[in-house]
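Examining the three-dimensional arrangement
Here is how the chains run, residue by residue.
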Amino acid sequence: MEFDVVDLSRLQFAVTAMYHFIFVPLTLGLSLLVAIMETVYVMTRRPVWRQMTKFWGTLFGINFVLGVATGITMEFQFGMNWSYYSVYVGDVFGAPLALEGLMAFFLEATFVGLWFFGWDRLSARAHCIVAWCVAIGSNFSALWILIANGWMQNPVGAVFNPDTMRMEIESFFEVIFNPVAQAKFVHTVSAGYVAASIFVIGVSSWFLIKGRHTELARRSITVACSFGLASVMAVIVLGDESGYETTHAQRMKLAAMEGMWETQAAPASFTLFGLPDQEARETRYAVHVPYVMGLIGTRSLTEEIAGIEDLVKESEERVRSGIIAWDALQTIRTQRADTPPGVRETFEANGGNLGYGMLLMRYVEDPRDATEAQIAQAAADTIPTVWPLFWSFRIMVGAGFLMLGFLAYMFWRTNFRQGRYPNWVLRGAVLMIPVPWIAIEAGWFVAEFGRQPWTVDGLLPTFLSASRLSVADLLITLAGFVTLYTVLLVIEVRLMLAAIRKGPVQDAEETDAWNKAHQARLSGVLATDIKPAE
Amino acid sequence: MILHEFISYEMLRLIWWGLMGFLLIGFAMTDGFDMGVGALLPFAARTDVERRIAINTIGPVWEGNQVWLILGGGAIFAAWPPLYAVSFSGFYLAMFLILAALILRPVGFKYRNKKEDPKWRTRWDWALFIGGAVPALTFGIAVGNALQGVPFQLTEMMVPLYPGNALMKLLALLNPFALLVGIVSLTMLITHGAAWLSFKAEGMVAVRARRIGVVTGGIAILGFLAAGLWLAFGIPAYHYVGVVDPAGPSNPHLTAMARGGSWLAAYQIRPWIAVAPVLGVIGIALAAFGLSRGAGGWSLLASKLGILGVISTVGLTMFPFILPSSLDPKSSLTVWNASSSHQTLFIMLGATLIFMPIILAYTAWVYRVLWGKVGADELTKNPNAY
């Protein structure tokens, strides 16, 4: 089998990022759920809430370390495997990563140790504040990372500088308030909250099935289903917002997600099902729902959504403009101050398409030498492979609505049916645990695979971004990462299961004492828990 | 935005060069003792209780300490993008070793006490040893190579290239001078870890750590002096040819650089920088002396000064060079040609000036809450102890 450094670099990034994102959603969501539980404890001082806090905190801790461990790889990998990318866009892209460390990760990491070691050293209130610092830190981390990622999808606020041969920041404000990044942030962290909620509901359901720790399990479900329901609605609304932004920022990605080869008359229909055929440039056996796509994508009945064929034609124009930009850039680079008048203006007029010109470097060393056939090929390269996008998008959306239904049902049973859950639902809840992870990984796949052939949309082709390493380098590290991560993942899952089986540490004496006192306070009114339905 | 014009590009570059040093020194001073404790673990602590004492002295703080490295990486990416790109990809397999070690470390801390099985625990003890010793050694090796120049090249398009095959490149990194610097780094951080254990741990752990720390402190000083002499008389330096514009565009191809001369030249131009190596030697010597007398806090403080001196020595000696290229000296990265744009440096400086004091304040608060020695009773009292 032929190995190619660029493909191996991409594979390694995909593998390490997807591993990393097994742990991140739970960190984002559980940190917040634990902080909420601890807050309830501080307000009521009821022992069961502290037991809940500690129990879910233990699971949080087992998961958290792997999120941190795999996260270091992510930060180092840009330099290790994507060195030209780092040189080319580091002036813009590096800043949010550094700000993540400065504003968020320091907070999270400094306080997470104190949270575990500070139970006896801090007052309950101070300890609760520490929990919130961890939660805020992890969520702010996500904000900066998604600002960085959002810039790769929609590179605003930056301009190419011929003196340094790289992109440089023009408006930091635009980079931070990039609409794509903002929609992505809320969409992604809410997805983490949903994952944690479904995890908590699933584990608690298992306790209820086994008839163990029922008091703790019921309260955990109550918290998680309300939090989860609100979050899943946010995920869907902001997913829609992301779709709307994508209509404008990344039209090719949207068309590919929809398997939409031809531009349709507005409003476009949504393809519920179909088999995209890249060669023939059509989607077979397509089942359409009229109007829906036009409404989601443009929020209007009259605006058109461009199909792949039309976008390729546009790309071809941009490739030609890119060649002009490249030519002007070479003059500026060699002549510097003696650049003839007009050349800089030519570059400025066409510079936005420089990346399209660089697409030709897959076929010729100097884009100016490209033939007509090569220009057409470069334009065709701007189509990502459609079927994996088409399908992973549908898996994500399907899983999202499944979770919405599930959480709404749990919320209804909890609040309007005295928390009686049929046994089959509890079993189903355990089986639901992997669903949010499937949706999340599918979502990242759509976001990143759909950006191809670019690392930074329209600016820098992926094949140029990778470090010029050797295949041997890549095989060694890829094998190393996969082995190390797999071993750690297996250990993690086992420790999680062991901690769940062991269950929360219950201090019976303290609980009894509190219950007695509570009953006395209610002066005869019983405050017992409702028995689970059998 | 014209706000950034308030501070000149040249000044911002100098400040960011200093801040990069500040972050690396911060990393070595804080996470350095975590790595030192990891490397000392199998030797200074023999029984399971002793090992748990050693681990729990750093248990609550290593995670925050490690962020100095993460932030250092992020800050180099933001402020010195070509440096980040060339060093991380140029030291590719060495970086992978560091990563693998740093991945093992957090997992080792958290998972070790999850099972009673002694085999399980011994396995994680070695993982923690690797997680401490390997990065400490490898960072030194990387610095040793930077001082000699690294075989990379930047094309006209600024694409970093590193010709040669993977294994040979890794072996080339392990040259005698680099290994010597690696040993200095390893023994310096072990001494630092010993000072920490002397300060934080009770019983035999502290006693053994002190004994080892005295020896490693001595080796670190001798190694540092030997490396200094070797560098001064055996390793050619790099220098600019002709005029440099410290506020020019970040593009190495705009000025000429060459290899030759001695790094000692820096001490003729700026004699005051000799303070750094002197501080390095005195700091480590005081730390070793303190350890031999059974001191904890004072040894730790002295060791911190030693680290400050040693790392500053490297930076000040090479200034303005940061990462010279042995293959193509014209591609060398310096303070004047490898930074981000004026505006990025300015924005990042603003963010640092706001958030760094906050970070230092809450970190100090956390250390204060956790003040006091860790002994066997601490392990039974806290169910969350590692």
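Residues numbered from 1 in each chain as written. Chains lettered and ligands numbered in written order. Predicted model: local features only at pLDDT ≥ 70, side-chain atom pairs only at ≥ 80, totals over all residues. Heavy atoms only, no water.

Turning next to the overall build of chain A. Looking only at helices and strands, chain A has 19 helices and six strands in total. Its C-alpha atoms give chain A a radius of gyration of 26 Å, near enough to 24 Å, the size a compact globule of 534 residues would have. By its C-alpha atoms, chain A is 95 × 50 × 45 Å across when sized along the principal axes. Relative to its 534 residues, chain A shows a buried fraction of 61%. By sequence separation, contacts in chain A at least 24 residues apart represent 78% of the contacts at least 6 residues apart. Averaging the positions of the 39 positive and the 49 negative side-chain charges in chain A gives two centres separated by 15 Å. (Helix = DSSP H or I, 4+ residues; strand = E, 2+ residues; numbered from the N terminus. Rg over C-alpha atoms; globule rule 2.2 N^0.38 Å. Buried < 20%, exposed > 50% of the residue type's maximum accessible area, 1.4 Å probe, protein only. Contact = heavy atoms within 4.5 Å. Lys, Arg positive; Asp, Glu negative; His and termini not counted. Charge placed at Lys NZ, Arg CZ, Asp CG, Glu CD.)

So, on to the packing of aromatic side chains. Inspection of every chain in the model, using the stated rule, returns 53 aromatic pairs over all chains. Taking the centre distance of 3.9 Å and the plane angle of 5° together, the rings of F33(B) and W196(B) count as stacked. Separated by 163 residues along the polypeptide, F33(B) in helix 1 (residues 9–44) and W196(B) in helix 8 (residues 176–200) bring together distant segments of the chain. W196(B) shares its class with F33(B); the two are buried. Centre to centre, the rings of Y240(B) and F321(B) are 5.7 Å apart; their planes meet at 40°, and the pair counts as tilted. Here Y240(B), found in strand 3 (residues 236–241), pairs with F321(B), found in strand 5 (residues 321–323); they are 81 residues apart in sequence, far enough to count as distant. For Y240(B), a relative accessible area of 15% corresponds to the buried category. A residue is classified by how much of its surface remains accessible, and F321(B), at 3% relative accessible area, is buried. One aromatic cluster is present, formed by F13(A), F76(A), F78(A), Y85(A), F93(A), F77(B), Y84(B) and F88(B) through successive ring pairs. Taking the ring centre of Y244(A) as reference, the NZ or CZ of R299(A) above it sits at 4.0 Å. (Phe/Tyr/Trp six-rings, centres within 6.5 Å; stacked < 30°, edge-to-face > 60°. Lys NZ or Arg CZ within 6 Å of the ring centre and 35° of its normal.)

One way to put it is that helix 2 (residues 47–81) of chain A packs onto helix 5 (residues 92–111) of chain B with a least axis distance of 9 Å and a crossing angle of 170°. Put simply, helix 2 of chain A runs roughly antiparallel to helix 5 of chain B. In this structure, helix 2 of chain A contributes G61(A), I62(A), V65(A), L66(A), A69(A), I72(A), T73(A), F76(A), M80(A) and N81(A) to the contact, and helix 5 of chain B contributes Y92(B), M95(B), F96(B), L99(B), L102(B), I103(B), P106(B), V107(B), K110(B) and Y111(B). Split by residue class, the contact of helix 2 of chain A with helix 5 of chain B holds 16 nonpolar, three polar and one charged. (Axes fitted to C-alpha atoms, helices over the stretch in contact; angles between N-to-C directions. Parallel < 35°, antiparallel > 145°, perpendicular 65-115°, else oblique. Nonpolar A, V, L, I, M, F, W, Y, C, P; charged D, E, K, R; others polar.)

A word on the nonpolar core. In terms of nonpolar packing, the biggest core is built from 292 residues, with W56(A), F199(A), W80(B) and Y111(B) touching the most fellow members. In this structure, F199(A) is in contact with L26(A), L30(A), W56(A), L59(A), I433(A), W437(A) and M496(A), ignoring residues within four places of it in sequence. If you look at the next biggest cluster of nonpolar residues, it comprises 24 residues, including M252(A), L254(A), A268(A) and V386(A). (Core = buried A, V, L, I, M, F, W, Y, C linked by side-chain atoms within 4.5 Å.)

Residue and element names in this part refer to chain A. Take D277: it is sitting in strand 3 (residues 270–277). In this structure the side chain of D277 is engaged in a polar contact, spanning 3.0 Å, whose partner is the backbone nitrogen of E279. Among all residues touching D277, those that are not within four sequence positions of it are W261, E282, T283 and R284. (Polar contact = N/O pair within 3.5 Å; in protein donor to acceptor, adjacent residues only side chain to side chain.)

Before going further, it helps to spend a moment on the packing of helix 8 of chain B against helix 12 (residues 297–318) of chain B. Residues and elements named next belong to chain B. Remark: helix 8 packs on helix 12, axes separated minimally by 8 Å, with the N-to-C direction vectors making an angle of 160°. By the angle class used here, helix 8 and helix 12 are roughly antiparallel. Here helix 8 and helix 12 pass one another in a crossing that is left-handed. Residues M188, L189, H192, A195, W196 and F199 of helix 8 form the contact with helix 12, whose own contacting residues are G297, S299, L300, S303, K304, I307 and V310. Taken together, the residues of the contact of helix 8 with helix 12 break down into eight nonpolar, four polar and one charged. (Left-handed = near helix turned anticlockwise from the far one by under 90°.)

With that out of the way, let us pick up the interface of chain A and chain B. With 77 residues of chain A at the contact, the number on the chain B side is 77 residues. Carbon and sulfur atoms make up 73% of the surface buried where chain A meets chain B, a total of about 7200 Å² over both sides. Per-residue buried area on chain A facing chain B is highest for L102(A), F106(A) and F117(A); these three make up 12% of the total on that side. Inspection of the region where chain A meets chain B yields two salt bridges. Across the pair R333(A) and E156(B) runs a salt bridge whose closest N-O atoms are separated by 2.7 Å. Our count for the chain A to chain B interface comes out at 20 residue pairs in polar contact (both at pLDDT 80 or more). Every element with two or more residues in the side of chain A that touches chain B is listed here: helix 2, helix 3 (83–117), strand 2 (166–169), helix 10 (308–335) and helix 18 (471–502) of chain A. (Buried area = accessible area lost by both parts, 1.4 Å probe. Salt bridge = Lys/Arg side-chain N within 4 Å of Asp/Glu carboxyl O.)

What follows is about helix 15 (residues 423–432) of chain A. All names here are of chain A. Within helix 15, the full set of buried residues consists of V425, L426, A429 and M432. Projection of helix 15 onto a plane perpendicular to its axis shows the buried side chains occupying an angular sector of 115°, all on one side. Along helix 15, the residues that are exposed and aim more than 90 degrees away from the buried face are W424 and L431. Looking at the buried residues of helix 15, the elements they touch are helix 6 (179–210), helix 14 (386–416) and helix 16 (435–449). (Arc of directions from axis to C-beta.)

This paragraph deals with the confidence of the model for chain A. Within chain A, residue pLDDT values average 90, and 97% of them lie at 70 or more. A low-confidence stretch, residues 529–534 of chain A stays under pLDDT 50, and its non-local contacts, those more than four residues away or across chains, total eight contacts. (pLDDT = per-residue confidence, 0-100.)

Time to look at the state of the cysteines. All names here are of chain A. Counted according to the given criterion, the structure contains zero disulfides over all chains. For C133, which is in no disulfide, the shortest distance to another cysteine sulfur is to C128 and amounts to 10 Å. On the basis of relative accessible area, C133 is assigned to the buried category, the value being 19%. (Disulfide = S-S within 2.5 Å.)

The next thing to look at is the environment of K114(B). Here K114(B) lies in the loop between helix 5 and helix 6 (118–148). With a relative accessible area of 33%, K114(B) lands in the partly exposed category. Each C-alpha atom, one on K114(B) and one on Y386(B), is 8.2 Å from the other, the two residues being 272 residues apart in sequence. Apart from residues no more than four positions distant in its own chain, K114(B) is found in contact with T58(A), I62(A), L495(A) and W120(B).

Taking 1.5 Å per residue, 35 residues should reach 51 Å; helix 2 of chain A reaches 50 Å between its end C-alpha atoms and fits that length. Maximal helix bending in helix 2 of chain A amounts to about 35°, located at E75(A). (Expected span 1.5 Å × (residues − 1). Bend = angle between axes of the 7 residues up to and from the residue.)

Turning our eyes to something else, we now look at the pattern of salt bridges. Any two side chains of opposite charge can pair, given that their charged atoms come close. With the rule as written, the count across this model stands at 27 salt bridges over all chains. With its nearest N and O atoms 2.9 Å apart, the salt bridge here joins E168(A) to R166(A). The burial state of E168(A) is the same as that of R166(A); both residues are buried. Across the pair R105(B) and D31(B) runs a salt bridge whose closest N-O atoms are separated by 2.9 Å. Separated by 74 residues along the polypeptide, R105(B) in helix 5 and D31(B) in helix 1 bring together distant segments of the chain. A network of salt bridges, in which partner residues are shared, links D48(B), R51(B), R112(B), R121(B) and D125(B).

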